[in-house]
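# Tertiary structure, described
Here are the chains, one letter per residue:
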Amino acid sequence: MQLEKSLAVGSGMFTACHHRGLTYVGVDNYTISRFDIDGNQTQNFICLPNYPITFRANQDQLFVLVYGSPYQVMVYDLNGNQVKTWNHTDKNRSWNGNKLCIINNQVLAVDITNQRITVYSLDGKTERQITCPQMPNSTYISMCAAGGGDSVIITTHTPPAVFRFNLNTSAVVWKTDLTGNPFCSAVYGGAVLVGGCGCG
């Protein structure tokens, strides 16, 4: 991999995603900014009630997990209009880490409080809740799609670990604790990329 472009977001960045040639960046003033391919910024493209923990694009909509009590999943079209909202059960006080992903047109969100992953339909109906006892009640947990449609990669900061979790069997496919202090992960070209402090 090589760096192609960098963007100055002007504030603390929490999360970002790229969709249809545009980059969306969630920052610490409770907003999402939009950047075009030339780096031109639309500030405050979406204004939120709290921190944007994670967001992902699907079917030309942005699904945003918003910190709060309760957490909320807020859905916006690509013009920045809110189209739906639902509450998410997690009550953990941490706003850190990517805690939402979309697999097979289902929205998956980490529920640290109850050590599970909640699976929603795209319109917010709870379809199932998958217990994940390997996920500690930690302040910093991140999740991303693992590829293949049946698994996620979960990173935990305390204790430090990365593991692949099968959503159908609730089995840990593999696990490693040789990761320093992981903060996030992504799957790229068949490899699992882990970011954090002391990750080699």
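Here goes a summary of the coordinates provided. (Residues numbered from 1 in each chain as written. Predicted model: local features only at pLDDT ≥ 70, side-chain atom pairs only at ≥ 80, totals over all residues. Heavy atoms only, no water.)

### Topic: the sheet that holds strand β5 (residues 52-58)
Read from one edge of the open sheet, 4 strands run β5-β6-β7-β8, paired in antiparallel fashion. Both edges of this open sheet fall to β5 and β8 (82-88), since each of them pairs with a single strand only. Across the sheet, the mean angle separating the axes of adjacent strands is 20° when strand polarity is ignored. Both strand β7 (residues 71-77) and β8 contribute to a ladder of 6 bridges, which runs antiparallel. Paired with Met 74 across the two strands is Thr 85, which belongs to β8. (Pairing = 2+ DSSP bridges. Helix = DSSP H or I, 4+ residues; strand = E, 2+ residues; numbered from the N terminus. Axes fitted to C-alpha atoms, helices over the stretch in contact; angles between N-to-C directions.)

### Focus on the nonpolar core
Leu 108, Ile 117, Met 143, Val 152, Ile 154, Phe 165 and Leu 167 are the most contacted members of the largest nonpolar core, which totals 17 residues. Secondary structure elements with two or more residues in this core: β9 (100-103), β10 (106-111), β11 (116-120), β13 (141-145), β14 (151-157) and β15 (160-166). Not counting chain neighbours up to four residues away, the residues in contact with Val 152 comprise Cys 101, Ile 103, Leu 108, Ile 117, Met 143, Cys 144, Ala 146, Phe 163, Arg 164, Phe 165 and Leu 167. Core analysis: the second largest hydrophobic core is formed by 14 residues, Phe 63, Val 75, Trp 86 and Ile 102 among them. (Core = buried A, V, L, I, M, F, W, Y, C linked by side-chain atoms within 4.5 Å. Buried < 20%, exposed > 50% of the residue type's maximum accessible area, 1.4 Å probe, protein only. Contact = heavy atoms within 4.5 Å.)

### Concerning the sheet that holds strand β16 (residues 172-176)
Read across the open sheet, the 4 strands follow the order β13-β14-β15-β16; overall the sheet is antiparallel. The sheet terminates laterally at β13 and β16, the two strands that pair on one side only. Adjacent strand axes in the sheet meet at a mean angle of 15° when their direction is disregarded. Sheet topology note: the β15/β16 ladder contains 4 bridges and is antiparallel.

### Things to note about the side chain of His 19
Relative to the elements of secondary structure, His 19 occurs in strand β1 (residues 13-19). Within the structure, the side chain of His 19 is placed 2.9 Å from the side chain of Asp 60, a separation counted as a polar contact. In this structure, His 19 is in contact with Tyr 24, Ala 57, Asp 60 and Leu 78, ignoring residues within four places of it in sequence. (Polar contact = N/O pair within 3.5 Å; in protein donor to acceptor, adjacent residues only side chain to side chain.)

### Considering the pattern of salt bridges
Evaluated as defined, the whole model comprises 4 salt bridges. One salt bridge connects Asp 60 with Arg 20, and the closest N-O pair in it is separated by 2.5 Å. You can see Asp 60 sitting in the loop between β5 and β6 (61-66) and its partner Arg 20 sitting in the loop between β1 and β2 (22-27), a full 40 residues away along the chain. Look at Asp 60 and you get partly exposed, because its relative accessible area is 30%. Asp 150 is the partner of Arg 164 in a salt bridge, and the nearest nitrogen-oxygen pair spans 4.0 Å. Here Arg 164 is found in strand β15, whereas its partner Asp 150 is found in the loop between β13 and β14, with 14 residues between them in sequence. Residue classification places Asp 150 among the partly exposed positions, given a relative accessible area of 25%. (Salt bridge = Lys/Arg side-chain N within 4 Å of Asp/Glu carboxyl O.)

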